[in-house]
Each structure stands twice: as C-alpha cells, then as structure tokens.
Amino acid sequence: MKVLGLVASPRKLGNSEILVKEMLASLPAEVDKAMIHLPSLQIEACKACYACLPEDKNCMISDDLAFLLERIKEADAVILASACYFLGSHTSIKTITDRLIAVMANSREFSGKKCVTATVYGIPGWDGYAREAVNNFARFLHLDVVGDMQVQAASPGEVVEPEILATARKLANQLIDPAAAPVSAAEAVLACQVCGSSMLQVRPSGQVRCSMCNAGGELKADGEGYTIVFEKTGHRRFSQEGMAEHGRLLEEVKKSYIANRQELFRRRKPYDAYDWWVVQEGK
C-alpha cells in the first residue's frame, strides 16, 4: 500500500508537516510512505484559456502539476494538511484547485482513493473555510474523504500534544481499517449530510443549501435543538458524472465565446482606452 502525504504550509517542520508525519509514522512499517511539499512546487495560476477543453485536450501550461497528479495516481491513499491563512487554506491549495479543470475528464483515475485531511489555524474563531477548501480540493479529484481534523495551533510545534497526536493517529487509521470509527471536525456542528461541509446557507423559510456541494435541505426543530433533513439524492457536483457535466457546460461556454467573439470584442474595445495601470519602474 502506498500513502502519499501532501503538506500545504511554507514552514519547515510546521504544524501541518508534523501532523502528516505523525500520521504516516503511525501506519504499519510495510506501508510505502512519501511526502510532497506543495508550496515548493512550481505550479502556475490557471489562465482561463479553456484550451484543456474538450476532454481529449491537455493543459497548455507545462509545470509541476503533472508531477503532482502522477504521484497522487500512484498512491492508494492520501493525507493532506494545510495551514489556514486569513480564513482560507494555503495559497498552494487554491492555485492547484483552479487548475483541476484540466483533469475533470480523467477524474476516474483518482476515484476511490481514501483521503484524510487536517487544517491548522492560529487564532481561535479564525478557522474560516480552510477545512472546506482542503476537503473540496480532495473531492474535486474524487478522493474519498473519510475523515478530517481541525487544530488551533499558532506556533510551529504546538500540535505536539498527546491528545492532538492521538487524533491524528486515529485519522490515519481510517486509511487502512474499514471498521475504524470515523473522525470528523464537523461532528459537533450542523453539517451537510452529503459532503460534510459546515458551509450552510439558511433562508428565513428554513430552507438550507450547502454552498459547497449545492445539496438542499430543510431546517427542522426537535426537542433538543435543530436538525437538517437533506434531499436523499444529494448533488452530483463531486461525482464523476457531475464533473463530466461541468466539463460539458464549460465546453458550451467556450463554443459560445468563439461564435460571438467579434461582438464581444466590439463591446470590450472601448475599455481598452482606459489606461490607469500602475507598474513598477523597470518592470
């Protein structure tokens, strides 16, 4: 069995790296272990050129993304940890996620691999949407997110506490033991029953929408508080079918642009005369 640890934090021996290493170290000796430091990869931002559409096309950018995806394909399971920066995940997670449009048609190559995630935030109450961003990264690759943890730890090394490390080991055990008790940071809150996200929008009518997977539900009061009853079918956003559908929709967007680009150019042209850009000298 091959387990790949992905670290999304620039700090050497930071809390994210420590958690990944603790999880890998807790796995049996016969497990093949490897790690990749995401901030060290040279991965460019998506150019929104849609050259990767339709599915028989590849991304036009030649960088380290291909290396990363190949390592994930080779793995049987994935551990992903990220630091939280201003309520979100580390920049590397967002940059890579934006490029995943290029692999939507090949998502079946990643499907079914178990994944656990950890997010580390520094200030109490400032965990934001980092957990959801990290889990969405995994789900857009069709990794099976079987558990996650959130830790409030600002300084490097603060996660080295018996209780935190024990949780990390339990999380890692979910990768190899199908009967392991689930570990999730969303256990203590109302969360989406489809994708596990805590990013829920509640309307005054009591209707609930998950802003991550788009599943709908209804908020209901019971004797002890509130529960959410979600649609049984949920939403296909993270499924292979849902990703394929998204790809087809983007192809239609691309075709529409090509068919109307002369008119769109005419609309845009007047704004080209506004030249208020500020640039550094010598750039």
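The present account deals with the structure reproduced in this document. Residue positions are given per chain, counting from 1 as you read along its sequence in written order. Given that this is a predicted model, residues contribute local features only at a pLDDT of at least 70 and side-chain atom pairs are listed and counted only at 80 or more, while totals for whole chains, interfaces and linings are drawn from all residues. With hydrogens and water excluded, all non-hydrogen atoms of the structure serve as input to the side-chain values.

For the rest of this paragraph, the subject is the pairing of strand E2 (residues 32-37). On a regular strand, each side chain points to the face opposite its neighbour's, so the side chains alternate between the two faces of the sheet. Sheet topology note: the strand E1 (residues 2-8)/E2 ladder contains 6 bridges and is parallel. Bridge pairing in E2 links leucine 4 to alanine 34. A crossover counts as right-handed when, viewed with the strands pointing away from the observer, the path leading from the first strand over the helix to the second turns clockwise. Here a strand is any run of E in DSSP of at least two residues, a helix any run of H or I of at least four, and the numbering for each starts at the N terminus. Each parallel crossover has a hand, and for E1 linked through helix H1 (residues 15-26) to E2 it is right-handed. Two strands pair under a simple rule: DSSP has to find at least two bridges between them.

So, on to the nonpolar core. Residues enter a nonpolar core if they are buried and are Ala, Val, Leu, Ile, Met, Phe, Trp, Tyr or Cys, with the set joined through side-chain atoms within 4.5 Å. Using a 1.4 Å probe on the protein chains alone, a residue whose accessible area is under 20% of its type maximum counts as buried, one over 50% counts as exposed, and one in between counts as partly exposed. Leu6, Leu38, Leu68, Ile72 and Leu141 are the most contacted members of the largest nonpolar core, which has 26 residues in total. Those elements giving two or more residues to this core turn out to be E1, helix H2 (65-74), strand E3 (77-85), helix H3 (91-99) and helix H4 (130-140). For this core, the element with the most residues is H2, which contributes 4 residues. Residue contacts for isoleucine 72: discarding those within four places in its chain leaves Leu4, Leu6, Val78, Phe110, Lys113, Leu141 and Leu143. For this analysis, residues touch if any pair of their heavy atoms sits within 4.5 Å.

Any Phe, Tyr or Trp ring, taking Trp's six-membered ring, that has another such ring centre within 6.5 Å forms a pair; planes under 30 degrees apart are called stacked, those over 60 apart edge-to-face, and the others tilted. With the rule as written, the count across this model stands at 2 aromatic pairs. The interplanar angle of 80° and the centroid separation of 6.0 Å between the aromatic rings of tyrosine 271 and tyrosine 274 together place this pair among those described as edge-to-face. Residue class for tyrosine 274 comes out partly exposed when judged on its relative accessible area of 46%. Residues tyrosine 274 and tryptophan 276 carry aromatic rings whose centres are separated by 5.0 Å and whose planes lie at 5° to one another, so their mutual orientation is stacked. In this structure an aromatic cluster arises from ring pairing among Tyr271, Tyr274 and Trp276.

As a further point, take unusual backbone geometry. Phi at leucine 13 takes a positive value of approximately 55°, unusual for a residue other than glycine. Structurally, the position occupied by leucine 13 is in the loop between E1 and H1. With phi around 60°, tyrosine 50 is a residue other than glycine that occupies positive phi space. Mapped onto the elements, tyrosine 50 comes out in the loop between E2 and H2. Accessibility expressed as a relative area gives 25% for tyrosine 50, which makes it partly exposed.

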